[in-house]
Structures are given as C-alpha cells and as structure tokens.
Protein chains: 2
Amino acid sequence: MLAENINYKDVLKKEGMKSTKHRFAILELLEQSESPLTAEQLFIMLRAKTASINLSTVYRTLDTFTSKNLVLKSSRVDDGKVRYELNQHEHKHHLYCVSCHKLISIEECPIGELKQTLKNKIDFEVTGHNLEIYGYCHNCRKVHNNNAQ
Amino acid sequence: MLAENINYKDVLKKEGMKSTKHRFAILELLEQSESPLTAEQLFIMLRAKTASINLSTVYRTLDTFTSKNLVLKSSRVDDGKVRYELNQHEHKHHLYCVSCHKLISIEECPIGELKQTLKNKIDFEVTGHNLEIYGYCHNCRKVHNNNAQ
DNA sequence: GGAGAGAATGCAAATGGAATGCATTTGCAA
DNA sequence: TTGCAAATGCATTCCATTTGCATTCTCTCC
Ligand SMILES: [Mn+2]
Ligand SMILES: [Mn+2]
Ligand SMILES: [Zn+2]
Ligand SMILES: [Zn+2]
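Residues numbered from 1 in each chain as written. Chains lettered and ligands numbered in written order. Predicted model: local features only at pLDDT ≥ 70, side-chain atom pairs only at ≥ 80, totals over all residues. Heavy atoms only, no water.

Draft legend 1. Structural view of the protein's contact with DNA strand C. As a structural note, the neighbourhood of DNA strand C is formed by 21 residues, with A:Ser19, A:Tyr59, B:Thr20, B:Arg23 and B:Thr57 the closest of them. Among all atoms of DNA strand C positioned within 4 Å of the protein, those belonging to sugar or phosphate total 70%. Here a base oxygen of DNA strand C sits 3.2 Å away from a polar atom, N or O, in the side chain of A:Ser56. Every element with two or more residues in the surface near DNA strand C is listed here: helix 4 (55–67) of chain A together with helix 2 (21–32) and helix 4 (55–67) of chain B. Taken together, the residues that form the surface near DNA strand C break down as 3 nonpolar, 9 polar and 9 charged. (Near = heavy atom within 4 Å. Polar contact = N/O pair within 3.5 Å; in protein donor to acceptor, adjacent residues only side chain to side chain. Helix = DSSP H or I, 4+ residues; strand = E, 2+ residues; numbered from the N terminus. Nonpolar A, V, L, I, M, F, W, Y, C, P; charged D, E, K, R; others polar.)

The structure is reproduced here in structure tokens:
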C-alpha cells in the first residue's frame, strides 16, 4: 500500500466504498493531472501503470466517485467527451485556449454580485454554476503576434 | 413562401446556402423556441409540422447553420445531448432550475472585469465564454417553502 | 421556361462513447 | 477463515451522431 493512498482508504471507507487497487490508481492519476481527463485517457494511462484494467471499470469507478462527489464531471461541445477531475472542494474555473487546447485553472469567480442580483430581481436562488472561458493563452498570443509582424 | 421566411432567404443566400423548406422550417422552430433544442426534439416537431424529414438532415442542417454562426451549440453533462439555439447575437446566459428543469434567459453578465484581470495577470485574451447557473426558480422556491412549513 | 451542375436530402449502415447483464473475483466484516 | 455483498472483466447493447451513396432539388445561365 502506497503512503499516498492511506488517506484515500479512509475517504472510501467513509463513503461506504471498498478499497481496491483500481480505485487508488484512478484517484492517484486524477490527483496528478493538471486538467480534467476523459475516461479513455485514464484508461490508457492506467494500462501503462497498473496493467490490466477494463474500460467499463473506469467508467463505473468514475460514476461512483461522481455520485459520492469525489469527482466532478464536465463536458465541452468541442468533442462529445465527458471529462473528470478530482473534486478539490475549491471553487475554480477553466480558461480554454482555442489555439493550443490547453486548460488553465483560475480561482477568480465573478458570480458573487450576480447571485444577489438574481435573488432580488427574480427570486432565483443560485446553488451552483459553470463558467468556461475561451481565448488565447500567453504563448499563443506571442506566436500569433510574431506571425502578424 | 411564408412572409417570415423572406428575411431568412436573404440570410441563407448571403452565406452561400440554398433555400429549402427544411431549412426554413428549422429556423422557424428555433426562432419560436424559448430554450435550446436537441436535434431529436426538432426532428419530432418537424415531423408534426412539415411531414417527412430525415434526422440526418436535421443534424446536417444544424451543423451547417452552426458553421455559418446562425446557430449556437451547447451541452450539459446532464444527458449526453447537444442543444441548439438561434444565434440572436445578443449576449445572454441561462438559469437552469434543478427542480423543474426550466431554463430562464438572463442578460446580466459578470465577465467584464474578470476579462481585464486575466489580461493583466496572465496575458490571457478572452474571446468568449459560457456561463450556466443552477438553482431554484421562483416557483420552485415557493413550493419548497410551503412544503417545509 | 428548360437544361445542367452542384448542393441538399433520404436511407441504410457505420461509428464511437458510454452503459449493462452476467459470470467470476475480491474486499472485508464477523 | 468463511461468507456475502460489492467490484471487476468480458461481451454485448445502447444510443446520439456521422457517413457513404443514390436520388432529388435549387439555382444559375442560356
Ligand atoms: Mn464561479
Ligand atoms: Mn457572459
Ligand atoms: Zn494556447
Ligand atoms: Zn423551477
């Protein structure tokens, strides 16, 4: 048992889930990843790492994690694929570079005031939100500017 | 030819698209709809209206419209279905009631300041964004409050 | 108005991400 | 250690969307 899995063992137990090597492996990969991963990406990484896991297991595990709120799902119109990331219980959003497809996490969130406005104006009680921002990252802006000269 | 289609005829022509009854019918339905529709929803409505259209045609038409920027695509993690709406060229967002699944359009947008912040802090140039807000609508709040008493 | 060319459509089949039924294995509580 | 429920593997299915190809339709040019 790896040291970094010990805390996850407790987490799983608390949620009434059994501890398995696959689950640890998936949690570990999600933890190390800087951006949300598709089931298939995880599957390929797992094959290289754990050897022998089934894609169904990846999907089922991610579903279970999602239902226990350990993992967050998201989807872009881009490709029809769902992406999964560890729920760090921190509020954040993603910047998506339309040029190099990099995802950048940010902590800024502009919803606060709007939330109050909606409550006052139309009595809508906000419980959550999704914000995705598209544009050009620092690198791609540099490249683009150079080409334009 | 219906009166309301005359302007669309010009729009299609300007985009180099041929004018067909299917395209007019789809544009008309999207125009009348208050919230984004799936290809299948459109298909069913079209069957009732135009009689005889093929689902592939619906998809192909929506794709073409999207590429010409007449139509906007969106997707929620919810069900695996993509939704389409007319591009009204007005900036808006949707409130999604998690209780009654109603979609409410709003014009407020809180991105403005954030845009500048991102430019200054990490040189990210925002070109677009998606914001979806979840919560309880006025009606569902009333019902919920009454039940709780 | 009537060709002719190219675009749009219908139809059937394919694709591909995700879900599922069932037999087998595994984790874990007693 | 044993027994049972949960987890997994494997094959199959599901279902939204896409695609190939034959046919039909639009629109331009005469
Ligand atoms: Mn936020
Ligand atoms: Mn906005
Ligand atoms: Zn970039
Ligand atoms: Zn509601």
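What follows continues from the structure just given.
Draft legend 2. Focus on the interface of chain B and chain A. Chain B puts 37 residues into the contact, and the matching count from chain A is 37 residues. Carbon and sulfur atoms make up 62% of the surface buried where chain B meets chain A, a total of about 3,300 Å² over both sides. Considering only the surface of chain B that becomes buried against chain A, B:Val77, B:Phe124 and B:Arg141 emerge as the three largest contributors, covering 18% of it. Linking chain B with chain A are 6 salt bridges. (Contact = heavy atoms within 4.5 Å. Buried area = accessible area lost by both parts, 1.4 Å probe. Salt bridge = Lys/Arg side-chain N within 4 Å of Asp/Glu carboxyl O.)

Draft legend 3. Highlighting the side chain of A:Arg141. Along the chain, A:Arg141 turns up in helix 6 (residues 138–148). Sequence-distant contacts of A:Arg141, that is, excluding residues within four places in its chain, are made with A:Tyr136, B:Lys119, B:Asp123 and B:Glu125.

Draft legend 4. The arrangement of helix 5 (residues 111–122) of chain B in detail. All names here are of chain B. With 12 residues, helix 5 should cover 16 Å at 1.5 Å per step; its first-to-last C-alpha distance of 16 Å lies within 8% of that length. Taken together, the buried positions of helix 5 are Ile111, Leu114 and Leu118. The arc that holds every buried residue of helix 5, seen down its axis, measures 60°, which confines them to one face. Opposite its buried face, helix 5 presents the exposed residues Glu113 and Asn120, each directed more than 90 degrees away. Where helix 5 terminates, the next one or two residues include Asp123, which has phi positive at roughly 55°. (Expected span 1.5 Å × (residues − 1). Buried < 20%, exposed > 50% of the residue type's maximum accessible area, 1.4 Å probe, protein only. Arc of directions from axis to C-beta.)

Draft legend 5. Summary view of the coordination of the zinc ion (ligand 4). Residue and element names in this part refer to chain B. Around the zinc ion (ligand 4), the donor atoms from the protein are Cys97 (SG), Cys100 (SG), Cys137 (SG) and Cys140 (SG), and they sit 2.1 to 2.4 Å away. Motif for the zinc ion (ligand 4), donor spacing along one chain: C-x2-C-x36-C-x2-C. Taken individually, Cys137 and Cys140 each receive the classification buried, so the pair is uniform in this respect. (Donors = N, O, S within 2.8 Å, 3.2 Å for Na, K, Ca; no water.)

Draft legend 6. Representation of the domain arrangement of chain A in the model. All names here are of chain A. For chain A, the assigned domains read domain 1 (1–89) and domain 2 (90–149). Of the roughly 680 Å² buried at the junction of domain 1 and domain 2 (both faces included), carbon and sulfur atoms supply 48%. The interface formed by domain 1 and domain 2 contains 1 salt bridge. Glu85 is the partner of Lys92 in a salt bridge, and the nearest nitrogen-oxygen pair spans 3.5 Å. When its residues are assigned to classes, the side of domain 1 that touches domain 2 shows 1 nonpolar, 4 polar and 4 charged. (Domains from an automatic or database assignment.)

Draft legend 7. The arrangement of the pairing of strand 2 (residues 71–75) of chain A in detail. Residues and elements named next belong to chain A. Strand direction decides the pairing type here: strand 2 and strand 3 (residues 82–86), joined by 5 bridges, are antiparallel. In the strand pairing of strand 3, Lys73 is matched with Tyr84. Between strand 2 and strand 3, which pair antiparallel one after the other, the connecting turn spans 6 residues. (Pairing = 2+ DSSP bridges.)

Draft legend 8. Region of the structure containing the sheet that holds strand 1 (residues 37–38) of chain A. Residues and elements named next belong to chain A. On the basis of which strands lie adjacent, the open sheet formed by 3 strands has the order 1-3-2 and antiparallel pairing. Of all the strands in the sheet, the pair left with one neighbour each is strand 1 and strand 2. Lying over the sheet, helix 2 (residues 21–32) contacts strand 1, strand 2 and strand 3, oriented at roughly 90° with respect to strand 3. (Axes fitted to C-alpha atoms, helices over the stretch in contact; angles between N-to-C directions.)

Draft legend 9. Representation of the coordination of the manganese ion (ligand 2). Residue and element names in this part refer to chain B. Binding of the manganese ion (ligand 2) to the protein goes through His91 (NE2), His93 (NE2), Cys109 (SG) and His129 (NE2), at separations of 1.9 to 2.3 Å. In terms of primary sequence, the donors binding the manganese ion (ligand 2) are separated according to H-x1-H-x15-C-x19-H. With His91 in the loop between strand 3 (82–86) and strand 4 (93–97) and His129 in strand 6 (residues 125–136), this pair connects stretches of sequence that are 38 residues apart. For His129, a relative accessible area of 17% gives the class buried.

Draft legend 10. Looking closely at the pattern of salt bridges. Scanning the entire structure with this criterion turns up 13 salt bridges over all chains. Salt-bridge contacts for A:Lys49 lead to A:Glu28; the nearest nitrogen and oxygen are separated by 3.4 Å. One end of the pair, A:Lys49, is in helix 3 (residues 39–49); the other, A:Glu28, is in helix 2, with 21 residues separating them in the sequence. Its relative accessible area of 38% is what places A:Lys49 among the partly exposed residues. Looking at A:Glu28, the relative accessible area reads 9%, which means it is buried. Of the charged contacts in the structure, one is a salt bridge between B:Glu125 and A:Arg141, with a shortest N-O distance of 2.9 Å. Here the residue B:Glu125 occupies a position in strand 6, and A:Arg141 occupies one in helix 6, the pair thus bridging two chains.

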